[in-house]
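# Overview (structure and organization)
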Amino acid sequence: MDIEIRRSGRRTVALEVTSDARVIVRAPYGLPEAELKRFIKEKSPWIEKALERIRQRKEEGSSREKLSMEDLHRLADQALAVIPAKAARYAQQVGVSYGRITIRNQRSRWGSCSSKGNLNFNCLLMLMPEEVLDYVIVHELCHRKEMNHSERFWREVERVLPDYRERRKWLKEHGSAVIDSMPG
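Residues numbered from 1 in each chain as written. Predicted model: local features only at pLDDT ≥ 70, side-chain atom pairs only at ≥ 80, totals over all residues. Heavy atoms only, no water.

## Thoughts on helix 4 (residues 151–160)
- For helix 4, the full list of buried residues reads Phe153, Trp154, Glu156, Val157 and Val160. Seen end-on, helix 4 carries its buried residues on one side only, within an arc spanning 155 degrees. For helix 4, exposure combined with an orientation more than 90 degrees from the buried face picks out Glu151 and Arg152. (Buried < 20%, exposed > 50% of the residue type's maximum accessible area, 1.4 Å probe, protein only. Helix = DSSP H or I, 4+ residues; strand = E, 2+ residues; numbered from the N terminus. Arc of directions from axis to C-beta.)

In structure tokens, the structure reads:
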């Protein structure tokens, strides 16, 4: 298994299996090589499972129709009409404010929240069930309180969406198939 190691000033180790079946481990500069190897070995069953899911999706997705650029523009327009109103409503529930909302078409993220409070959302969210769209919006808004994925962050998400785990699970299981429908 080929694993790409990316070291940076981060504090934690993160593992990513991309939709094109690349395995990337992000690690702090100071993490000893032995500890990094132990982490990878410990996570290897998870990595294998993720790679197998990608192989299966590729087989299923080869028959899936690709979106056109026109489709992406239509989805972005739809997202601009839907997401800001939902974000405003959920921001009140979360008890936060935010800056600008931007709609993008990305292969790697459903949403993000900058340190300045600007929110970005993937236009492909318009292809998701509404509950999943709401989960991503609440997730990003909760980052206005906690810019991490700590226990406090997840408690905040759960306070607004008690069933967030099911929504998140749906996104993990089906999201890659939606991303694979992007052109090129």
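## Considering the side chain of Asn120
- With respect to the helices, strands and loops of the structure, Asn120 is situated in strand 6 (residues 119–122).
- A polar contact is formed between the side chain of Asn120 and the side chain of Arg104, at a distance of 3.5 Å.
- Setting aside anything within four residues of it in sequence, one finds Asn120 in contact with Thr102, Arg104, Trp110, Gly111 and Ser112. (Polar contact = N/O pair within 3.5 Å; in protein donor to acceptor, adjacent residues only side chain to side chain. Contact = heavy atoms within 4.5 Å.)

## Quick word on the packing of helix 4 against helix 5 (residues 164–179)
- Relative to each other, helix 4 and helix 5 sit at 105 degrees, their axes nearing to 9 Å. The angle between helix 4 and helix 5 falls in the class roughly perpendicular. Facing helix 4, whose interface residues are Trp154, Val157 and Glu158, helix 5 presents Tyr164, Arg165 and Arg168.
- Residues that form the contact of helix 4 with helix 5 fall into these classes: three nonpolar, no polar and three charged. (Axes fitted to C-alpha atoms, helices over the stretch in contact; angles between N-to-C directions. Parallel < 35°, antiparallel > 145°, perpendicular 65-115°, else oblique. Nonpolar A, V, L, I, M, F, W, Y, C, P; charged D, E, K, R; others polar.)

## Comments concerning the state of the cysteines
- Applying the stated criterion to the full structure yields zero disulfides.
- Between Cys113, a cysteine without a disulfide, and Cys142, which holds the nearest cysteine sulfur, the sulfur-to-sulfur distance is 10 Å.
- Given a relative accessible area of 12%, Cys113 falls into the buried group.
- Counting only cysteine sulfurs, Cys113 is the nearest neighbor of Cys123, a cysteine outside any disulfide, at a range of 19 Å.
- The exposure class assigned to Cys123 is buried, which follows from its relative accessible area of 1%. (Disulfide = S-S within 2.5 Å.)

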